2 protein chains.
Amino acid sequence: MSSIPLGDCGVSRGFCDGPGFGAGASVTLVLDGERGELVRAPARVGKKGKVGVLDASVAMALKTHSEAERRRRQRINGHLATLRSMIPGTEKLDKAALLAEVINHLKGLKSNAMEISKGCTIPSDVDEVRVEVEDVMNSGSFIIKASLCCEDRPDILADIRQALQTLQLKTIRVDISTLGGRVKNVIVMKCEGNANDIEKHLYTSSVHRALESILDRFNSSVDFLPRTSFSNKRQ
Amino acid sequence: MSSIPLGDCGVSRGFCDGPGFGAGASVTLVLDGERGELVRAPARVGKKGKVGVLDASVAMALKTHSEAERRRRQRINGHLATLRSMIPGTEKLDKAALLAEVINHLKGLKSNAMEISKGCTIPSDVDEVRVEVEDVMNSGSFIIKASLCCEDRPDILADIRQALQTLQLKTIRVDISTLGGRVKNVIVMKCEGNANDIEKHLYTSSVHRALESILDRFNSSVDFLPRTSFSNKRQ
DNA sequence: GTCCACACGTGATAC
DNA sequence: TGTATCACGTGTGGA
């Protein structure tokens with residue numbers, strides 16, 4: 001009784017005239033347990049040995065039971081319909097495929113959020129250079145995602161640009177986040193054309209070296225650089 | 001045949017000896033359609049008027065049918081179990097509540113992604129200054145979230161810092177995203193202490209003016225500034 | 001003893 | 001044709 005059935009779900013048949021009831025109740029053949037063989041059902045008798053003395057209360061119990069079960073089905077199918085409306089391209093999928101697609105979208109959104117949080121937050125006060133080949137297109141192009149985390153300074157972006165412009169990489173996107181005097185730069189670059197693994201490794205290590213040189217340069221000059229020129233110093 | 005049934009799902013009973021079969025097949029009473037009354041089922045006869053001439057092929061059809069149906073249920077329930085394992089706190093929920101929770105998580109992740117993309121992506125080639133009081137703490141402090149979107153240039157961050165350092169605002173966080181020669185700067189500032197609405201509006205408009213002045217300065221000087229010094233120009 | 005959720009087999013239906 | 005999915009009513013076990 002907690003959730004809402006979301007309408008009739010298109011079930012417009014009358015009560016108990018649907019398929020699956022009458023035949024299931026009148027056929028006196030059952031499939032034997034371990035064998036799967038069709039055998040005669042044992043003549044089921046009532047509790048007192050009489051068939052047909054089911055009274056009105058039992059009938060009412062059956063009725064309410066089947067109605068409750070129908071409501072439960074409506075509830076589940078309503079939620080399924082909601083999910084189907086939320087995920088594009090699932091209009092013609094059956095229940096299992098819809099649920100599989102829901103799982104995929106959930107994984108995708110979760111990894112997406114993970115990726116964004118990984119790319120946007122600043123790790124805990126530790127200098128870091130990370131370079132990874134993020135995605136390999138089937139066209140031979142590949143994407144390099146590099147990040148540099150260090151103490152903040154105003155010309156770090158210019159340094160990064162200068163260090164990377166010698167490479168034949170097209171900068172797709174740059175994200176810079178600062179927090180408490182630290183900065184994390186995420187640079188997404190793309191190399192178009194067919195490159196083999198050796199070339200990819202060459203690019204990757206070149207990017208890594210370029211960013212590490214920035215880090216080294218900064219760390220060697222941090223002692224005598226004026227640190228008071230930033231407005232967002234750590235406190 | 002595309003997805004995997006994910007094992008037995010704990011169903012260890014033999015075939016057709018489970019609940020819900022025997023009694024349903026031997027009781028010869030059905031509930032009448034529109035009324036919900038319990039009536040005698042019409043004596044179902046075979047196709048040729050004889051009961052009990054169901055041959056082995058029909059039995060096999062029934063067997064394969066129920067087995068296929070069981071496989072279908074296992075597939076669906078397997079996906080449901082996967083969803084349950086993906087979302088914490090759904091271990092003791094029933095199917096409908098689980099699906100409702102899946103819907104909630106999907107909505108949450110989607111709005112989260114929307115929020116992040118709102119703060120990180122660059123709008124479509126239109127200069128923009130937005131300032132909003134993001135969150136008002138119950139301590140009287142408030143947070144100003146300002147964003148400036150314009151053509152990219154190397155010293156824009158320094159300009160923003162200079163323009164905002166005259167205000168008594170502590171910079172909590174700065175996010176900068178560039179894409180195709182455009183840049184979006186998101187600055188989150190905090191003003192501690194008790195401020196009334198007039199002061200908040202004063203701060204807000206000051207930030208707005210500061211950022212717009214940067215935009216104006218850039219737009220008036222864009223004609224004679226060298227634009228070729230960026231590595232990530234739009235192409 | 002009542003209520004609820006689940007798994008079951010079955011008929012209808014689509015392809 | 002067989003082989004899928006789906007909704008149905010029902011039996012049953014757990015709160």
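Because the structure is predicted, anything quoted here is derived from the model rather than measured.

Asker: How should I be thinking about the overall build of chain A in this particular structure?
Answerer: Helix and strand counts for chain A stand at 5 helices and 6 strands. Shown N-terminal to C-terminal, the secondary structure of chain A runs as helices and strands in the order α-β-β-α-α-β-β-α-β-β-α. Taking as baseline every contact in chain A between residues at least 6 positions apart, the subset at least 24 positions apart corresponds to 59%. For chain A, the accessible surface area stands at approximately 13,500 Å², while carbon and sulfur atoms represent 55% of it.

Asker: Could you clarify how one ought to interpret the environment of Leu211 of chain A in this entry?
Answerer: Residues and elements named next belong to chain A. Among the secondary structure elements, Leu211 is positioned in helix α5 (residues 197-221). With 62 residues separating them along the chain, Leu211 and Cys149 place their C-alpha atoms 9.7 Å apart. For Leu211, the residues in contact, after removing those within four places along its chain, are Val129, Ala146, Ser147, Leu148 and Ile160.

Asker: Looking at this structure, I do not really get the nonpolar core. What am I missing?
Answerer: Here is a general trend for soluble globular proteins: nonpolar side chains tend to be buried in one another's company. One finds Leu148 and Val207 of chain A together with Leu148 and Val207 of chain B to be the most contacted residues of the largest nonpolar core, which totals 52 residues. In this view, Leu148 of chain B contacts Glu128, Val129, Ile156, Ile160, Val183, Lys184, Asn185, Leu211, Ile214 and Leu215 of chain B; residues no more than four positions away in its chain are not counted. Ala96 and Leu98 of chain A together with Met86 and Val102 of chain B belong to the second-largest nonpolar core, a separate cluster that totals 24 residues.

Asker: Where do I start with the pairing of strand β6 (residues 182-191) of chain B in this structure?
Answerer: Looking along a regular strand, one sees side chains alternate from face to face of the sheet. Residues and elements named next belong to chain B. Most of β6 is tucked away, with 10 of its 10 residues classed as buried. One ladder, built from 10 bridges, connects strand β4 (residues 142-151) with β6; its direction is antiparallel. Looking at β6, one finds that Ile143 is bridged to Lys190. Bridging between strand β5 (residues 170-179) and β6 involves 9 bridges; their strand directions are antiparallel. The residue of β6 that forms the bridge with Asp175 is Val186. Two successive antiparallel strands, β5 and β6, enclose a turn made up of 2 residues, where Gly180 displays a positive phi of approximately 60 degrees.

Asker: How do you make sense of helix α2 (residues 56-86) of chain B when you look at a structure like this?
Answerer: The α-helix winds at 3.6 residues per turn, so residues separated by three or four positions along the chain end up facing the same way. Across its 31 residues, α2 of chain B extends 45 Å between first and last C-alpha, which sits within 8% of the 45 Å expected from 1.5 Å per residue. Inspection of α2 of chain B places Ala59, Lys63, Gln74, Ile76, Gly78, His79, Leu80, Leu83 and Met86 of chain B among the buried residues, and these make up the whole buried set.

Asker: Where do I start with helix α4 (residues 156-164) of chain A in this structure?
Answerer: α4 of chain A sits mainly inside the fold: 7 of its 9 residues count as buried. Within α4 of chain A, burial applies to Ile156, Leu157, Asp159, Ile160, Arg161, Ala163 and Leu164 of chain A.

Asker: Looking at this model, I keep getting lost on the pattern of salt bridges. Mind explaining?
Answerer: Pairs can form between side chains of opposite charge whenever their charged atoms are close. Using the criterion set out here, one finds 24 salt bridges over all chains in the structure. With a closest N to O distance of 2.4 Å, Asp152 of chain A and Arg161 of chain B form a salt bridge. Of the two residues, Asp152 of chain A sits in the loop between β4 (142-151) and α4 while Arg161 of chain B sits in helix α4 (residues 156-165), which places them in two different chains. Assessed through its relative accessible area of 4%, Asp152 of chain A is described here as buried.

Asker: Would you take a moment to explain the state of the cysteines for this structure?
Answerer: Two cysteines form a disulfide when their sulfur atoms are joined by a covalent bond. Residue and element names in this part refer to chain A. Counted according to the given criterion, the structure contains 0 disulfides over all chains. As a non-bridged cysteine, Cys150 has Cys149 as the owner of its nearest cysteine sulfur, 6.6 Å distant. Accessibility expressed as a relative area gives 1% for Cys150, which makes it buried.

Asker: Got a minute to help me understand the confidence of the model for chain A in this structure?
Answerer: Should pLDDT be low for a region, the predicted coordinates there are not to be read in detail. Residues and elements named next belong to chain A. Taken over all residues, the pLDDT of chain A has a mean of 70, while the share at 70 or more is 61%. Of all the helices and strands in chain A, helix α1 (residues 22-26) carries the lowest mean pLDDT, 34, while helix α2 (residues 56-86) carries the highest, 91. Here residues 1-54 is modelled with pLDDT under 50, and outside its nearest four sequence neighbours on either side it reaches 99 contacts, counting other chains as well. Contacts from residues 223-235, a stretch scored under 50 in pLDDT, to residues over four places away or in other chains number 26 contacts.

Criteria and thresholds
Every chain begins its residue count from 1, and numbering advances along the sequence as written. Chains and ligands are labelled by the order in which they are written, letters from A for the one and numbers from 1 for the other. Where totals are concerned, whole chains, interfaces and linings use all residues; where local detail is concerned, this predicted model gives features only for residues with pLDDT of at least 70, and gives and counts side-chain atom pairs only at 80 or more. The side-chain values count all of the structure's non-hydrogen atoms but skip hydrogen atoms and water molecules. Here a strand is any run of E in DSSP of at least two residues, a helix any run of H or I of at least four, and the numbering for each starts at the N terminus. Every residue pair with non-hydrogen atoms within 4.5 Å of one another is taken to be in contact. Areas reported here follow the Shrake-Rupley algorithm with a probe of radius 1.4 Å; residue values treat only the protein chains shown as occluding. Among buried residues, those of type Ala, Val, Leu, Ile, Met, Phe, Trp, Tyr and Cys that are joined through side-chain atoms within 4.5 Å constitute a nonpolar core. Categorising residues by exposure relies on relative accessible area from a 1.4 Å probe, with only protein chains included: less than 20% of the type maximum marks a residue as buried, more than 50% marks it as exposed, and the intermediate range marks it as partly exposed. Whether two strands pair comes down to DSSP finding at least two bridges between them. By definition here, a helix of n residues has an expected span of 1.5 Å times n minus one. Basic side-chain nitrogens of Lys or Arg form a salt bridge, by our definition, when they fall within 4 Å of a carboxyl oxygen of Asp or Glu. Cysteine sulfurs are considered disulfide-paired once they come within 2.5 Å of each other. The predictor reports its confidence for every residue as pLDDT, a score running from 0 up to 100.

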